[in-house]
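Each chain, written out:
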Amino acid sequence: MRVLRSLSLGLFVVVVLAVAGCSSTAPAPTYVTGDWHGNIEVPGQPLAIGVNFTTDGKGSIEVPAQNVSHKQLSAVRNDVDQVEFSIPEFPGQPVFKGKYDKASDSIKGDFTQSGKTLPLTLTRGQVAGLARPQEPKPPWPYKSEDVSYRSGSITIAGTLTEPQTGGPHPAVLLITGSGAQDRNEEILGHKPFLLWADTLTRAGYAVLRTDDRGVGGTGGDLAASSYQDLTDDIGAGVAFLHGRSDIDGTRIGLLGHSEGGYLAPLYASRPDSGVAFAILQAGPAVSGADVLLEQNRLILTASGASPEAVAAQVGYISGLTSIIRNGDLGAAKIYAQQHNDSLPADQRASGETIDTLVTPYMAALINYDPAPALSALRIPVLAMYGTKDLQVPAGQSEGPMRSLLGADPDATVQVFDGLNHLMQPANTGLPSEYATIETTIDPQVLSYVTAWLTKRFPPR
């Protein structure tokens, strides 16, 4: 679930240039091109970046830890004596200014963002990808098929994985968290849904994972979508699975992460859903507005913000969600823009960011109350949380989840100590840590879910 803030998450984002090589005997270059990489030495959290310069005077940047890939730079100068660029539509107006050093074959200069300046030296070569030891790699020991099907007027695209053994197989449909996600739910270099699909398919289950609306091969516009639209998409996926002879239609379930933990019960509570079980990873048990208020308070506090700054941000979010809940998106956008304009220039969000805060989709999230759907479930349900989760805090949702599932004959609520919103072993739980943690999902979570599922719906 996204953090609704006008400020960045506190990651000091850096950018790099790229230059082409030049041998010691060749004429001195007049401009630099190619791939370059370096580290912004943010205190306690160095940030690796890569920049590419082209011969036509353009450039792009990669920041693996922030899932920034090939973002175009602006105000690019790649003369050897004047190497400059800025990152458009990014908080804090980041700018680099430097020059090429022939002796060390590097670009040396300063990177400035939000009024802070740090030295940055770029050397030749591409920035290294982040270590992700759990990420599955082909060849797969199971079947993997790209599939598509209709949901109303749009096409949904995804991947279906199945055991090599004969079916029909029990199946799991994965449901992503908030925001536009691809079928792997890729975030900050991690691919949690690829890992879930691999783990559960190896355990004997078919797994369907899909691109969200407007992402990859899926049509539509997520920002304009309602929760009715999104649960209809889940229904289309369940119907697709029911229509296959290799799937056991009596044993199809849902696994939803974060906002997916809202949508899975909402669909499963339909009388004709055809859903046999639901697994909720960090699924909220209180309203969207309440989650946004608490996550802002916790994340700002953990980031070291003053009590006054925390109170101001929570007050802003409270005002914004109140206007949205009253149904006036136009007034909400004006309120958000006025608040943004009141901030110091280096803390203001882009107009694009403001637009994403006030959409029919965000209104659906803010207005949603999960109580009716959760209370109606009478299928096996597993809800799990991490004690270090600052986005969907266990302290806020665990108790209500237990109460709302109280009438369900097979409901389990499990809290894992020391895990964050992605179910990673965490230190502070801040979103800024996600990329720096090599573990994608703690193995104990993978084992726990597999054992819970196998006990109730054993594969053939």
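Residues numbered from 1 in each chain as written. Predicted model: local features only at pLDDT ≥ 70, side-chain atom pairs only at ≥ 80, totals over all residues. Heavy atoms only, no water.

## So, the side chain of D212
Quick reminder of the rule: By definition, any uninterrupted DSSP run of H or I lasting at least four residues is a helix, any uninterrupted run of E lasting at least two residues is a strand, and each is numbered from the N terminus. Think of it in three bands: with a 1.4 Å probe and only protein chains considered, a residue is buried below 20% of the maximum accessible area for its type, exposed above 50%, and partly exposed in between. We call two N or O atoms a polar contact when they sit within 3.5 Å, provided that within protein one can donate a hydrogen and the other can accept it, with sequence-adjacent residues counted only if both atoms are side-chain atoms. Here, residues are in contact when the closest pair of their heavy atoms is within 4.5 Å.
Structurally, D212 is set in the loop between strand 13 (206-210) and helix 2 (227-242). Of the residues examined, D212 reaches a relative accessible area of 14% and is grouped as buried. At 2.9 Å, the side chain of D212 and the side chain of T176 are in polar contact. In this structure, D212 is in contact with T176, G177, G179, A180, Q181 and T218, ignoring residues within four places of it in sequence.

## Side note on helix 4 (residues 288-302)
Rule in force here: One less than the number of residues in a helix, times 1.5 Å, gives the span that helix is expected to have.
Under the 1.5 Å per step criterion, the end-to-end length of helix 4 is 21 Å for 15 residues, consistent within 8% with the ideal 21 Å. Within helix 4 the residues assigned to the buried category are G288, A289, V291, L292, E294, Q295, N296, I299 and L300. The elements touched by buried residues of helix 4 are helix 3 (260-268), helix 5 (307-325), helix 8 (360-367) and helix 10 (394-404).

## A look at unusual backbone geometry
The step from P138 to P139 runs through a cis peptide bond, and the omega angle for that step is 5 degrees. Tracing the chain through its elements places P139 in the loop between strand 9 (116-124) and strand 10 (143-151). A cis amide bond links G167 with the next residue in sequence, P168, at an omega value of 0 degrees. Checked against the element boundaries, P168 lands in the loop between strand 11 (154-162) and strand 12 (169-175). The phi dihedral of S258 is positive, around 60 degrees, even though this residue is not glycine. Its location among the elements puts S258 in the loop between strand 14 (247-257) and helix 3. Residue classification places S258 among the buried positions, given a relative accessible area of 0%. At A282, a position not held by glycine, the phi torsion is positive, near 55 degrees. In this fold, A282 is placed in the loop between strand 15 (277-281) and helix 4. By relative accessible area, which is 0% here, A282 ends up buried.

## Some thoughts on the packing of helix 4 against helix 5
Each pair of packed helices can be described by the angle between their axes along with the distance between the axes. What counts is decided by this rule: Only the stretch in contact is used when fitting a helix axis, every axis being a line fitted to C-alpha atoms; angles between N-to-C directions are given from 0 to 180 degrees. If an angle is under 35 degrees, it is roughly parallel; if it is over 145, roughly antiparallel; if it lies from 65 to 115, roughly perpendicular; otherwise it is oblique. Working rule for handedness: look at the near helix, and if it is turned counterclockwise from the far one by less than a right angle, call the crossing left-handed; if clockwise, right-handed. Only Asp, Glu, Lys and Arg are considered charged, only Ala, Val, Leu, Ile, Met, Phe, Trp, Tyr, Cys and Pro nonpolar, and every remaining residue, Gly among them, polar.
It is at 9 Å that the axes of helix 4 and helix 5 come closest, and there the two elements cross at 165 degrees. When the axis of helix 4 is compared with that of helix 5, the two are roughly antiparallel. Considering only the axes of helix 4 and helix 5, their crossing is right-handed. Mapping the contact onto sequence places A289, L292, L293, N296, R297, L300 and T301 in helix 4 and A309, V310, Q313, V314, I317, S318, T321 and R325 in helix 5. Broken down by class, the residue content of the contact of helix 4 with helix 5 amounts to 8 nonpolar, 5 polar and 2 charged.

## A word on the sheet that holds strand 11
Keep this limit in mind: Two strands form a pair only when DSSP identifies at least two bridges running between them.
Spatially, 10-11-13-12-14-15-16-17 is the arrangement adopted by the 8 strands of the open sheet, whose pairing is mixed. With partners counted over all chains shown, the strands left at the sheet margins are strand 10 and strand 17 (411-416), one partner each. Adjacent strand axes in the sheet meet at a mean angle of 20 degrees, parallel and antiparallel pairs treated alike. With 4 bridges connecting them, strand 15 and strand 16 (residues 381-386) associate as parallel partners. Bridge pairing in strand 16 places Q281 opposite M384. With respect to the sheet, helix 2 is in contact with strand 10, strand 11, strand 12, strand 13 and strand 14, its orientation differing from that of strand 10 by roughly 125 degrees.

## Looking at the confidence of the model for the protein chain
Low pLDDT means the predicted atomic positions in that stretch should not be read closely. What counts, and what does not: Confidence of the predictor in every single residue is expressed as pLDDT, which spans 0 to 100.
In this model, the protein chain carries an average pLDDT of 91, and 93% of its residues clear a pLDDT of 70 or more. Within the model, pLDDT remains below 50 along residues 2-28, and this stretch shows 119 contacts once partners closer than five positions in the same chain are excluded.

## Focus: the side chain of R213
Turning to its location among the elements, R213 is positioned in the loop between strand 13 and helix 2. By relative accessible area, which is 13% here, R213 ends up buried. For R213, the side chain forms a polar contact with the side chain of D233, separated by 2.7 Å. Discounting residues that sit within four places of it in the chain, R213 has contacts with S151, I154, T218, G219, G220, D221, L222, S225, D229, L230 and D233.

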